[in-house]
Structures are given as C-alpha cells and as structure tokens.
Amino acid sequence: MRAIVAVCKNWGIGKDGHLIVRNRADMKHFVSSTMGGTVVMGRKTLDSFSKGRPLKGRRNIVLTHREDFVREGVEVAHSIEEVLALVASCNPEQVWVIGGASVYRELLPYCSSAIVTKHECLCPADSFFPNLDESPSWHEASCESKGLTEENVPYAFVTYVHRS
Ligand SMILES: NC(=O)c1ccc[n+]([C@@H]2O[C@H](COP(=O)([O-])OP(=O)(O)OC[C@H]3O[C@@H](n4cnc5c(N)ncnc54)[C@H](OP(=O)(O)O)[C@@H]3O)[C@@H](O)[C@H]2O)c1
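Residues numbered from 1 in each chain as written. Predicted model: local features only at pLDDT ≥ 70, side-chain atom pairs only at ≥ 80, totals over all residues.

Colleague: Any chance you could explain the sheet that holds strand 6 (residues 74-77) here in plain terms?
Modeller: Backbone-to-backbone hydrogen bonds join strands into a sheet, with any given pair of strands oriented parallel or antiparallel. Pairing within the open sheet is mixed, and its eight strands lie in the order 6-5-4-7-1-8-11-10. Each edge of the open sheet is held by one strand with a lone partner, namely strand 6 and strand 10 (138-148). The average undirected angle you get between the axes of adjacent strands in this sheet is 25 degrees. Bridging between strand 4 (residues 38-42) and strand 5 (residues 59-63) involves five bridges; their strand directions are parallel. Bridge pairing in strand 5 links Thr38 to Arg59. In this fold helix 1 (residues 24-34) packs onto strand 1 (2-7), strand 4, strand 7 (95-97), strand 8 (113-119), strand 10 and strand 11 (154-162), with an angle of close to 175 degrees to the strand it touches most, strand 1. (Pairing = 2+ DSSP bridges. Helix = DSSP H or I, 4+ residues; strand = E, 2+ residues; numbered from the N terminus. Axes fitted to C-alpha atoms, helices over the stretch in contact; angles between N-to-C directions. Contact = placed C-beta atoms within 7 Å.)

Colleague: So what exactly am I meant to see when it comes to the nonpolar core here?
Modeller: As a rule of thumb, nonpolar side chains are buried together in soluble globular proteins. Counting 37 residues, the largest nonpolar core has Ala3, Val5, Val40, Val97, Tyr104 and Leu107 as its most contacted members. Taken together, the elements giving at least two residues each to this core come down to strand 1, strand 4, strand 5, strand 7, helix 4 (101-107) and strand 8. If near-sequence neighbours (up to four positions away) are discounted, Ala3 is found in contact with Val97, Tyr104, Leu108, Cys111 and Ala114. (Core = buried A, V, L, I, M, F, W, Y, C linked by C-beta atoms within 7 Å. Buried ≥ 20, exposed ≤ 12 C-beta atoms within 10 Å, placed from the backbone.)

Colleague: Help me out: how do you make sense of the site of the ligand in this one?
Modeller: In the vicinity of the ligand there are 28 residues, among which Gly14, Gly42, Thr45, Gly99 and Gly100 approach most closely. Counting residues per element, the ones that place at least two in the shell around the ligand are strand 1, strand 2 (12-15), strand 3 (18-19), strand 4, helix 2 (43-48) and helix 4. Counted by class, the shell around the ligand contains ten nonpolar, 14 polar and four charged residues. (Near = placed C-beta within 6 Å. Nonpolar A, V, L, I, M, F, W, Y, C, P; charged D, E, K, R; others polar.)

Quick look at the structure:
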C-alpha cells in the first residue's frame, strides 16, 4: 500500500473540506499514478469530489462509520481491518491511500512508501499529513524538482520509504 498526497511547507493538506494548493500538473501526476489501481479514502474526501462521485478507472474503497452508507461505484469499509481485508489480494504497489488527514494517519503504518508533492508555500490549513521529515520511521528516497504551479509556487515530487 502506498500513500499519495500534496502538501504545503507545514504539511497542511486541506481547509474547510477542500484542497489548499492548485496544481494542474500534480492532478495529472495523481491520475497517472493511481489509474487502474485501488484508491482508499475517507468519506469526507469522497464528499469533496465533484458531486461526491468516486474516481473513474479505479476501484474506490471508502471508510465510514455509517452502517447504512451506500454510494454508486464505491465499496464501503467500516474499519481499518475491513480495508486491509478488501485489499489483501491486490498488488500492494497499486493500492493508494488518497486521504484525508484521518485516513492517512490511520493507514500510514501499513504503507511501504509515500509519494509527496511538496509545495514551497504556506497556506492556511485545518488538515495535515504527518511530517515525514521528522519521523524516524520514514526516510526520503528521492526528490524530483518539477518547477512551478500556475500560481508560481515551486513544487517537487518526493518519495519517502517506510523503514522496516
Ligand atoms: N492534499 C491532499 O493530497 C489531500 C488528499 C485528500 C484529502 N485532502 C483534504 O483532507 C481534508 C479531509 O480530511 P479529514 O481527515 O477531515 O477527512 P477524511 O479522512 O477524508 O474522512 C474522514 C471520515 O472517514 C471516515 N473514517 C475515517 N477513519 C475511519 C475508520 N477507522 N473507520 C470508519 N470510518 C472512518 C469517517 O467517516 P464518517 O464521518 O462517515 O463516519 C470520518 O469522518 C479535506 O480538506 C480534503 O480536501 C487533501
């Protein structure tokens, strides 16, 4: 299982239920990384998508405590254990934890790597990804500088690997 996330300098990832950095190239990178695979997300992240619809071309697994939750095109899990059972037979390289903050926090211990788009900006945020630079469990394996967003924010794709 792998995590994929876009952060700003203080590891902020969202505010008021929305993303905080606009970066079209990163959206393309997200789509090409996850396409054809399985994406695992929290119910709030699903609700942040256009019309609350799942992502096309991917198997969508959504975590919720609501027993009666049903959404077309979505497989529902009510616990981390249920998620792990649902993805047990998948190629782990093609299972992507896509947020939000609570789901990253809960599933990061099961991730072998994290693909982090780091933006050189500070935006107001109320949701955060764990700071992997300060975690002894993770180390930076590669960093590919990519240039500027449409709002001239420098960004890079950084791969972190979980120390076993
Ligand atoms: N920058 C990025 O790359 C990125 C990516 C994704 C999301 N985000 C941002 O992150 C923010 C949302 O994060 P969030 O933490 O508020 O919400 P979230 O993680 O998307 O969803 C939280 C919900 O997931 C369900 N859930 C979580 N853990 C569960 C468990 N163990 N068992 C059962 N259900 C569980 C619960 O749903 P119920 O309430 O239905 O029980 C919970 O309220 C938004 O601002 C979004 O834009 C940013």
